[in-house]
Amino acid sequence: MKFDKDISLIQQKMSETSIGIARRQNILKELNIEGGQTIIDVGCGGGQLVEAISLGVGVNGKAIGVDPSETQIVSAKDRCQSFENTEFLCCYADEIDMDDASCDSITSTQTLEYIEDVDAALNEIRRLLKNHSRFVNISTLWDYFGFHGPDKELNSLMHEVVKGQKHPMLPTKLNGKLEKLGFKNIRTHEIPFFITKRDENSFAKFHEVNMVNAAIKKGISEDQVDLWRKQLHQAEQEGSFAFTTIAIMTTGYINQ
Ligand SMILES: C[S@@+](CC[C@H](N)C(=O)[O-])C[C@H]1O[C@@H](n2cnc3c(N)ncnc32)[C@H](O)[C@@H]1O
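Predicted model only: the values in this text are computed from it and were never measured.

What counts, and where the lines are drawn
Residues numbered from 1 in each chain as written. Predicted model: local features only at pLDDT ≥ 70, side-chain atom pairs only at ≥ 80, totals over all residues. Heavy atoms only, no water. Helix = DSSP H or I, 4+ residues; strand = E, 2+ residues; numbered from the N terminus. Buried < 20%, exposed > 50% of the residue type's maximum accessible area, 1.4 Å probe, protein only. Contact = heavy atoms within 4.5 Å. Areas by Shrake-Rupley, 256 points an atom, 1.4 Å probe, with all protein chains shown as cover. Lys, Arg positive; Asp, Glu negative; His and termini not counted. Charge placed at Lys NZ, Arg CZ, Asp CG, Glu CD. Patch = residues over 30% accessible without salt bridge, like charges linked within 9 Å, V, L, I, M, F, W, Y side chains within 5 Å. Salt bridge = Lys/Arg side-chain N within 4 Å of Asp/Glu carboxyl O. Near = heavy atom within 4 Å. Polar contact = N/O pair within 3.5 Å; in protein donor to acceptor, adjacent residues only side chain to side chain. Nonpolar A, V, L, I, M, F, W, Y, C, P; charged D, E, K, R; others polar. Axes fitted to C-alpha atoms, helices over the stretch in contact; angles between N-to-C directions. Left-handed = near helix turned anticlockwise from the far one by under 90°. Core = buried A, V, L, I, M, F, W, Y, C linked by side-chain atoms within 4.5 Å. Arc of directions from axis to C-beta. Disulfide = S-S within 2.5 Å.

A. Broad picture of the overall build of the chain. When helices and strands are tallied, the chain shows nine helices and eight strands. Overall, the chain is about 55 × 40 × 30 Å in size when its C-alpha atoms are taken along their principal axes. Residues counted as buried form 51% of the 256 residues belonging to the chain. For the chain, long-range pairs separated by at least 24 residues make up 78% of all intrachain contacts whose partners lie at least 6 apart in sequence. As displayed, the chain has an accessible area near 12,600 Å², and 47% of this comes from carbon and sulfur atoms. Measuring between centres, the 28 positive side-chain charges of the chain sit 3 Å from its 37 negative side-chain charges.

The structure is reproduced here in structure tokens:
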């Protein structure tokens, strides 16, 4: 899935919501950052997490954002322009131009599931990690993601249009992949959300807008899209609206 300008801008808004903030808080706690460290965020998007990491690693450290989307990198650089300890690489996760064992931690949020050759990306992450360092990943369980609209057929049609993930249930396989690469102390932690209001700045609302745009682009009629939205609105009025998402944070540690 290509994060072009329109998708990138909506994605950055999603990242600013309470759900985006909660995910970053979980990652920052798990990273347990020390001053002077070098930390990469793979698939950094608009750079919200890189900004937070840069504050943690301080002036002697480095917070590095990696993303192949030029739109995302431009936004991330803009956000972090006053932090001299940030750096951005516009490249894919499996071609990061840095030395072996040069990072104290690597993190990634809702990115690996979009990468066809996820094993190549994980190999690259392993190559870059020092001994006694950690990898912290958050990926969504996409089979459990979405709106619970009353018209099941129309509702699933609207979800089909955004199914761009190559590995929709990645967390169910990630432990084994990390184990094969020599990671130790592999742990998982679930971060579930159940949203019952479509307020303007909610994660659900931005996903609704994203799905509407994708549906129109893919040729679903405006009448059907409007009907789906009306059904969600009505469900909200009746107190039967629900949007659910479950993200899994997976942590692995290198100890050779
Ligand atoms: C859903 S967004 C998440 C952005 C950010 N991590 C966040 O949580 O706000 C996924 C990001 O992965 C990036 N991406 C897609 N394919 C990638 C790849 N092969 N290597 C690295 N990043 C990739 C996209 O450009 C996009 O910015």
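B. Spotlight on a negative patch on the surface. A cluster of acidic residues, Asp94, Glu95, Glu116 and Asp117, forms a negative patch at the surface. Positionally, Glu116 belongs in the loop between β4 (103-109) and α5 (118-128).

C. Seen up close, the site of the ligand. Neighbouring the ligand are 16 residues, the closest being Gln11, Ser15, Gly43, Asp67 and Ala93. Here an oxygen atom of the ligand sits 2.8 Å away from a polar atom, N or O, in the side chain of Gln11. For the ligand, an oxygen atom lies 2.9 Å from a polar atom in the side chain of Gln72. Here the ligand loses 91% of its free accessible area of 600 Å² to cover by the protein chains. Partitioned by chemical class, the residues of the shell around the ligand number six nonpolar, nine polar and one charged.

D. Broad picture of the packing of helix α2 (residues 18-31) against helix α3 (residues 48-57). Orientation of α2 relative to α3, taken along the N-to-C sense of each, is 35°, at an axis distance of 11 Å. In this structure, the crossing between α2 and α3 has a hand that is right-handed. Across from Arg24, Ile27, Leu28 and Leu31 in α2, the residues of α3 making contact are Gln48, Leu49, Ala52 and Ile53. Split by residue class, the contact of α2 with α3 holds six nonpolar, one polar and one charged.

E. Region of interest: the nonpolar core. Grouped together as the largest cluster of nonpolar side chains are 26 residues, with contacts concentrated most on Phe147, Trp228 and Phe243. Those elements that place two or more of their residues in this core are α1 (5-16), α6 (152-160), α8 (203-217) and α9 (222-238). With seven residues, α8 is the largest single contributor of residues to this core. Beyond its immediate chain neighbours, meaning those up to four positions away, Phe147 contacts Asn155, His159, Ala204, His207, Glu208, Met211, Trp228, Leu232, Phe241, Ala242 and Phe243. Within the second largest apolar cluster, 24 residues are counted, among which are Val42, Ile64, Ala93 and Ile125.

F. Summary view of helix α7 (residues 171-180). Listed in full, the buried residues belonging to α7 are Pro171, Leu174 and Leu178. Along the long axis of α7, the arc covered by the buried residues comes to 25°, so they all point the same way. Turned more than 90 degrees off the buried face of α7, the exposed positions are Thr172, Lys173, Glu179 and Lys180. Packing partners of the buried residues in α7 comprise α5, β5 (129-140), β7 (184-195) and β8 (243-253). Once α7 ends, the next one or two residues include Gly182, with phi positive near 95°.

G. The pattern of salt bridges, seen in detail. Considering all chains together, one arrives at 13 salt bridges under this definition. One salt bridge in this structure joins Glu160 and Lys163, with 3.2 Å as the shortest N-O distance. Taking relative accessible area as the criterion, Lys163 reaches 54% and is therefore assigned exposed.

H. Structural view of the state of the cysteines. Counting across every chain of the model gives zero disulfides. In this structure Cys44 is a free cysteine whose sulfur lies 8.3 Å from that of Cys80, the closest cysteine sulfur available. Residue classification places Cys44 among the buried positions, given a relative accessible area of 5%. Distance from the sulfur of Cys103, which forms no disulfide, to the nearest cysteine sulfur (Cys91) is 12 Å.

I. Spotlight on unusual backbone geometry. Backbone geometry places Gln110, a non-glycine residue, at a positive phi of 45°. With respect to the helices and strands, Gln110 occurs in the loop between β4 and α5. With phi around 60°, His132 is a residue other than glycine that occupies positive phi space. Checked against the element boundaries, His132 lands in strand β5. Residue class for His132 comes out partly exposed when judged on its relative accessible area of 48%.

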